[in-house]
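The chain contents come next:
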Amino acid sequence: MKDLVEVIAKALVEHPEEVVVTEKNNGKHITIELHVAPTDMGKVIGKQGRIAKAIRAVVKAASTKEDLRVDVEIVE
């Protein structure tokens, strides 16, 4: 899941070298934190949060296949 979020985020931002994805695992619950450059924050969130919702939807679809619960948090 971490790799999936990283690939998506790097494709969206202008500074892909500043994308950092961390994963916290608690059994069947995983929290993925996405850190991007402050100038790229708007590109990852999108208008009215549409891109952030799309990222979460893709990750949720991928995690359902593995019977996991994954939360994606975008951190400044």
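Reading the values: the criteria
Residues numbered from 1 in each chain as written. Predicted model: local features only at pLDDT ≥ 70, side-chain atom pairs only at ≥ 80, totals over all residues. Heavy atoms only, no water. Helix = DSSP H or I, 4+ residues; strand = E, 2+ residues; numbered from the N terminus. Expected span 1.5 Å × (residues − 1). Buried < 20%, exposed > 50% of the residue type's maximum accessible area, 1.4 Å probe, protein only. Arc of directions from axis to C-beta. Contact = heavy atoms within 4.5 Å. Salt bridge = Lys/Arg side-chain N within 4 Å of Asp/Glu carboxyl O. Pairing = 2+ DSSP bridges. Axes fitted to C-alpha atoms, helices over the stretch in contact; angles between N-to-C directions. Polar contact = N/O pair within 3.5 Å; in protein donor to acceptor, adjacent residues only side chain to side chain.

Peer 1: What's the story with helix α3 (residues 50-65) in this structure? I'm lost.
Peer 2: A turn of α-helix holds 3.6 residues, and therefore any two residues three or four places apart point the same way. With 16 residues, α3 extends 23 Å between its outermost C-alpha atoms, agreeing within 8% with the 22 Å of an ideal straight helix rising 1.5 Å per residue. All of the buried residues in α3 are Ala52, Ile55, Val59 and Ser63. The buried residues of α3 occupy an angular sector of 65° when the element is viewed end-on, so they sit on one face. Looking at α3, the residues exposed on the side facing more than 90 degrees away from the buried face are Arg50, Lys53, Lys60, Ala61, Thr64 and Lys65. Looking at the packing, one finds that the buried side of α3 touches α1 (2-12), α2 (41-45) and β3 (69-75).

Peer 1: What's the story with the pattern of salt bridges in this structure? I'm lost.
Peer 2: Any two side chains of opposite charge can pair, given that their charged atoms come close. On inspection of all chains with the given rule, the structure shows 5 salt bridges. Residue Lys43 is joined to Glu14 by a salt bridge in which the shortest nitrogen-to-oxygen separation is 2.3 Å. Placement of the pair is Lys43 in helix α2 and Glu14 in the loop between α1 and β1 (20-26), with a sequence separation of 29 residues.

Peer 1: What am I meant to see in the sheet that holds β1 here?
Peer 2: In a beta sheet, neighbouring strands are held together by backbone hydrogen bonds and run either parallel or antiparallel to one another. Taken together, 3 strands build an open sheet; the order of strands is β1-β2-β3 and the sheet is mixed. The open sheet has two free edges, formed respectively by β1 and β3, since each of these has just one partner strand. Direction aside, the axes of adjacent strands within the sheet are offset by 20° on average. Judged from the 7 bridges that link them, β1 and strand β2 (residues 29-35) form a sheet pairing that is antiparallel. Bridged to Val21 within β2 is Leu34.

Peer 1: I'm lost on the side chain of Glu33 in this one. Help?
Peer 2: One can find Glu33 in strand β2. Residue Glu33 is classed as buried on the basis of its relative accessible area of 15%. Polar contacts involving the side chain of Glu33 include one to the side chain of Lys24, which spans 3.2 Å. If sequence neighbours within four positions are ignored, Glu33 has contacts with Val20, Val21, Thr22, Lys24, Glu73 and Val75.

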